[in-house]
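Observations on chain architecture
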Amino acid sequence: MVTLETPIEDVPKISKRIVPALKRLGIRTIRDLLFHFPARYDDFSNVKSIDDVVAGETVTIEGILKRISTGRTAHKRMALTEAVIEDETGRIKALWFNQPFLERNLKSGMAVRLSGKVSLGKSGPFLSSPVHEKIRDTTHVTRSTSDQEQGIHTGGLVPVYPETAGISSRWLRFLISSFLPLAAKLSDPLPVKMRENHTLPELRKALHDIHFPDTLDAAASAQRRFTFEELLLIQLHALKERSKLKQHTAPHIFNDIAAMKQFVASLPFALTDSQRKAIWEILTDIAKPIPMNRLLEGDVGSGKTIVSAAAAYMACQAGYQTAVMAPTEILARQHFATFQKILAPFDISVGLLTGSEKLTSGNAFNIVIGTHALIQKTVLFKKLGLIIIDEQHRFGVEQRAALITKHETHSKERDGSEKKVIPHFLSMTATPIPRTLALTIYGDLDLSLLDESPKSRKKIITQIVKPGEREKAYAFIQKEIAAGGQAFVVCPQIEIRDKRIENRGNLFDLPISNLQSLSSDVKAVKQEYEKLSKEIFPNLRIAMLHGKMKPKEKKEIMEHFKDHKLDILVSTSVIEVGVDVPNANIMVIEGAERFGLAQLHQFRGRVGRGEQQSYCILFPTEDGAVTRRLQAIVDAKNGFELAEYDLKIRGPGSMFGTEQWGISEIAKQALADVKLIQTVRNEAIALAKQDPTLANHPILHARLAELESAAHLE
Ligand code: ADP
Ligand code: MG
């Protein structure tokens, strides 16, 4: 018997052929299948008789298939399937390209329903690539929802699922409608009261309506319900994490104001107001006996490093050690240099630990900076008080958690009980997310924002260069380099992988993805390097950098570039992450349209760090590739503005690094809905207060546990 938990490969109705495609969508069981939601609906509610059909509109017609045949188009040698459908009022032609298999399904004499757009051909209107459905009888063809076989592909609202190679929306509609009756067994995790207060449909109804709605309103209502539920779970999880943390204790890092003043006075620049505020928020947190869990969010170049160094300095003054973890070796090395420089006047020792750099014992240093080697290798700190993670989105929850648990100790309380002592935790990210979104995604963290850049900085001039204007751009680069500048050239991957995220589970975070070492971008870099060094700039000093190189090689090249022994550095996206070369003033991005807004913004942030005017030159692959998105990069003043912009033009689904949040597509769409987020947040807070362990809400509790364990397994 097939149940909701039956793995798809054990279901006779699901052919073995499509199992891999379903799995790619994250569908493993029948339950997953039912919770795989449409991306949109085609409205085929406009049912017409054939003689009423007008070119330009989308219609549904019903009739008898009079003939069907497949030939080839004259020039392009594409398969062209042609059919004629007849009803009482007339005849119409339907055309499909490259779907010769249609002839196997559709036979003349059959009663069919076709939905699609009407185009105007030489011999009158025809249906172009309509979706089709066999019907039993054309005399009473109203859409029936009770009959699962009928009315799911055409007529009314037809669900369209996010496509993946190997499975069509047609298949999904068929499978989902076959198994939807099993949803009767599902119980609703949302409390009745909550549903009533917010007019959310009950689970089973919502599940039906999200797949096969009668009206768009019903679909929207169902979507809202699932979004509500998902946001609620995210918030409940965050609140739980927060209260868990409060049960533990943390090192008391005394806030020594005099020492802090000394530190600030020793800096070669004045701190910005938002840097001051962030430092203050952090110092206030770490002075408390509760573990800090704070996110420092600031645009590229907003000066996060110095803020984190201030915190490390304070920890050190109080006699505690600090661990700083960075996602790449280049970045770890750079932080090492920065920390050493900043802390030089204070007799604070800084150590470096990476894959290639050994460090026998963390004990000897006040601050240890490293890559995730910090977790893997047994570094024993004697008195770790603060953990700092840079570019936190590059690490998974697991890695962060590992770093913490590795360093927890226990303390005896006055009443004899034992408490866990956890180091304070500061994560940093350059992904500028508007505050409301951050509240949802990082609900378990406190937030500090750096929303201004250091004043001395000039605005980077960004320009999109059309393919025909390359020569001019190269001449410009030549001139800038002759004047003492340096340039980065970033190349995209040649092929783009399908990074479709799974529409299920994994709510809270995703593990680090192996962003580097893709042979395809290595190839692109080699080609570009050849071209630039041999043809375009034979007179300049050019080197390349990619993930396949040895750490030692990479380090040498970075150092050469930093020391101005090189003019141009051709690279994969490795340099995306925080590299600081103040003299570099040109960022060239090849195939610019292939990168996400967040990435482009990060790349651009690599220049404009020194005194001189900096430039970002975007080369789209083709003329047509100049999109609104690229234009947004040119126009936006800073990352927050860009994030808001992206939110407006494309919705949060495709915004700034959303892949790593691991939340579903529909919930992402809702992230733009500040009011909904606020509403759900209030509900979550009320619920957590009234029933902290969710003991009185067993279904909700189970659902939360399920998602939490899914997030941890992945
Ligand atoms: P990010 O926030 O991207 O990590 P960094 O911490 O690397 O930025 O800082 C970028 C550059 O700005 C560094 O060279 C740093 O020394 C400099 N910087 C930081 N704060 C200030 C400031 N208040 N005034 C001037 N320069 C600053
Ligand atoms: Mg940084």
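All figures in this text were calculated on a predicted structure; none of them were measured in a lab. (Residues numbered from 1 in each chain as written. Chains lettered and ligands numbered in written order. Predicted model: local features only at pLDDT ≥ 70, side-chain atom pairs only at ≥ 80, totals over all residues. Heavy atoms only, no water.)

Here the focus is the packing of helix H9 (residues 273-286) against helix H10 (residues 304-317). Packing of H9 against H10 leaves a shortest axis separation of 9 Å and a crossing angle of 30°. Judged by the angle between their axes, H9 and H10 are roughly parallel. Along this stretch, H9 crosses H10, giving a crossing that reads as right-handed. Across from Gln275, Ala278, Ile279, Ile282, Leu283 and Ile286 in H9, the residues of H10 making contact are Ile306, Val307, Ala310, Ala311 and Met314. Among the residues making up the contact of H9 with H10, the classes are represented as 10 nonpolar, one polar and no charged. (Axes fitted to C-alpha atoms, helices over the stretch in contact; angles between N-to-C directions. Helix = DSSP H or I, 4+ residues; strand = E, 2+ residues; numbered from the N terminus. Parallel < 35°, antiparallel > 145°, perpendicular 65-115°, else oblique. Left-handed = near helix turned anticlockwise from the far one by under 90°. Contact = heavy atoms within 4.5 Å. Nonpolar A, V, L, I, M, F, W, Y, C, P; charged D, E, K, R; others polar.)

Below, the discussion takes up H10. Look at H10: 20 Å from first C-alpha to last across 14 residues, which is about the 20 Å you get at 1.5 Å a residue. Of all 14 residues making up H10, 12 are buried, and the element is well covered by its neighbours. Of all the positions in H10, only Lys304, Ile306, Val307, Ser308, Ala309, Ala310, Ala311, Ala312, Tyr313, Met314, Ala315 and Cys316 are classed as buried. (Expected span 1.5 Å × (residues − 1). Buried < 20%, exposed > 50% of the residue type's maximum accessible area, 1.4 Å probe, protein only.)

In terms of nonpolar packing, the biggest core is built from 43 residues, with Phe263, Tyr313, Phe339, Leu343 and Ile367 touching the most fellow members. Within the residue set of this core, elements represented by two or more residues are helix H8 (257-266), H9, H10, helix H11 (329-343), strand E10 (350-353), strand E11 (367-370), strand E12 (384-389) and strand E15 (424-429). Ranked by the residues each element gives to this core, the list is headed by H10, at 10 residues. Apart from residues no more than four positions distant in its own chain, Tyr313 is found in contact with Ala259, Met260, Gln262, Phe263, Leu343, Phe346 and Ile348. With 35 residues, the next largest nonpolar core counts Phe35, Phe37, Ala219 and Phe226 among its residues. (Core = buried A, V, L, I, M, F, W, Y, C linked by side-chain atoms within 4.5 Å.)

The next thing to look at is the packing of aromatic side chains. Across all of its chains, the model carries 12 aromatic pairs by this definition. An angle of 90° between the planes, with centres 5.5 Å apart, marks the rings of Tyr474 and Phe537 as edge-to-face. One end of the pair, Tyr474, is in helix H15 (residues 470-482); the other, Phe537, is in the loop between helix H16 (519-536) and strand E19 (542-545), and 63 residues separate them in sequence. Among the aromatic residues, ring-to-ring pairing joins Phe35, Phe37 and Phe226 into one connected group. One cation-aromatic arrangement involves Lys13 over Phe179; the distance from NZ or CZ to the ring centre is 6.0 Å. (Phe/Tyr/Trp six-rings, centres within 6.5 Å; stacked < 30°, edge-to-face > 60°. Lys NZ or Arg CZ within 6 Å of the ring centre and 35° of its normal.)

With 14 residues, H9 should reach 20 Å at 1.5 Å per residue; the first-to-last C-alpha distance of 20 Å fits that figure. For H9, every residue scored as buried is listed here: Ser274, Gln275, Ala278, Ile279, Ile282, Leu283, Asp285 and Ile286. At its buried positions, H9 is contacted by H8, strand E8 (293-298), H10, E15 and strand E16 (446-450).

What follows deals with the sheet that holds E19. Strands sit in the order E17-E22-E21-E18-E20-E19 across an open sheet of six strands; the sheet is parallel. On the outer flanks of this sheet lie strand E17 (461-464) and E19, each paired with one strand and no other. Neighbour-to-neighbour, the strand axes of the sheet open up by a mean angle of 15°, direction not taken into account. Sheet analysis places E19 next to strand E20 (residues 568-571), joined by four bridges and oriented parallel. Bridge pairing in E20 places Met544 opposite Val570. Contacts from helix H17 (residues 551-562) reach strand E18 (486-490), E19, E20 and strand E21 (584-590), with the element oriented near 140° to E19. (Pairing = 2+ DSSP bridges.)

Moving on to the site of ligand 1. Taken together, 16 residues surround ligand 1, and among them Ala270, Gly301, Lys304, Thr305 and Arg457 come closest. The separation between an oxygen atom of ligand 1 and a polar side-chain atom of Lys304 is 2.8 Å. Contact distances for ligand 1 include 2.6 Å between an oxygen atom and a side-chain N or O atom of Thr305. Its free accessible area being 570 Å², ligand 1 has 83% of it covered by the protein chains. Per-class residue counts for the shell around ligand 1 are five nonpolar, six polar and five charged. (Near = heavy atom within 4 Å. Polar contact = N/O pair within 3.5 Å; in protein donor to acceptor, adjacent residues only side chain to side chain. Areas by Shrake-Rupley, 256 points an atom, 1.4 Å probe, with all protein chains shown as cover.)

Time to look at unusual backbone geometry. We note that Thr199 has phi near 40°; this positive angle belongs to a residue other than glycine. Along the chain, Thr199 turns up in the loop between helix H5 (192-197) and helix H6 (203-211). If you check the backbone angles, Leu694 has positive phi at about 60° while not being a glycine. Assignment of secondary structure puts Leu694 in the loop between helix H22 (674-690) and helix H23 (698-713).

Of all five residues in E18, five are buried; the element is thus mostly enclosed. Of the two faces of E18, the one holding Gln486, Phe488 and Val490 and the one holding Ala487 and Val489 are both buried throughout. Pairing analysis gives five bridges linking E18 to E21, with the strands arranged parallel. Opposite Ala487, over in E21, you have Ile586 as the bridge partner. With four bridges joining them, E18 and E20 adopt parallel strand pairing. Across the sheet, Ala487 pairs through a bridge with Ile568, a residue of E20.

Another aspect to go through is the packing of H6 against helix H7 (residues 216-246). Relative orientation of the contacting elements H6 and H7 amounts to 125°, with a least axis distance of 8 Å. As the angle between them shows, H6 and H7 are arranged oblique. As for the relative orientation of H6 and H7, their crossing is left-handed in sense. Two secondary-structure elements touch here, H6 through Leu203, Ala206, Leu207, Asp209 and Ile210 and H7 through Ala218, Ala219, Ala222, Gln223, Arg225 and Phe226. Here the residues of the contact of H6 with H7 are counted per class, giving eight nonpolar, one polar and two charged.

Turning our attention to the side chain of Asp285. Relative to the assigned elements, Asp285 resides in helix H9. With near-sequence residues (within four places) excluded, Asp285 lies in contact with Ile290, Met292, Arg294, His424 and Asp446.

Taken in spatial order, the five strands line up as E2-E3-E4-E6-E5 and close into a barrel, and their pairing is mixed. Direction aside, neighbouring strands of the sheet carry axes that sit 50° apart on average. As paired strands, strand E4 (residues 90-97) and strand E6 (residues 124-134) are joined by three bridges and run parallel to one another. Pairing of Ala94 across the sheet is with Leu127, part of E6.

One pass over the structure, following the stated rule, counts 24 salt bridges. Note that Arg204 is salt-bridged to Glu202, the shortest N-O span being 3.1 Å. Residue classification places Arg204 among the partly exposed residues on the basis of a relative accessible area of 38%. Bridged by salt links that share partners, the residues Asp188, Arg195, Arg225, Glu229, Arg703 and Glu706 form one connected network. (Salt bridge = Lys/Arg side-chain N within 4 Å of Asp/Glu carboxyl O.)

Relative to the helices and strands, Arg31 is located in helix H2 (residues 30-34). Among buried charged residues, Arg31 stands out as having no salt bridge; its nearest opposite-charge side chain is Glu706, 4.1 Å away. Dropping the residues within four chain positions of it, Arg31 is found in contact with Leu4, Glu5, Leu186, Arg703 and Glu706. (Lys, Arg positive; Asp, Glu negative; His and termini not counted.)

What follows deals with the confidence of the model for the protein chain. The share of residues in the protein chain with pLDDT of 70 or more is 83%, and the mean pLDDT across the chain is 82. Scored below 50 in pLDDT, residues 494-519 makes 76 contacts in the model with residues more than four places away or belonging to other chains. Within the model, pLDDT remains below 50 along residues 653-661, and this stretch shows 37 contacts once partners closer than five positions in the same chain are excluded. (pLDDT = per-residue confidence, 0-100.)

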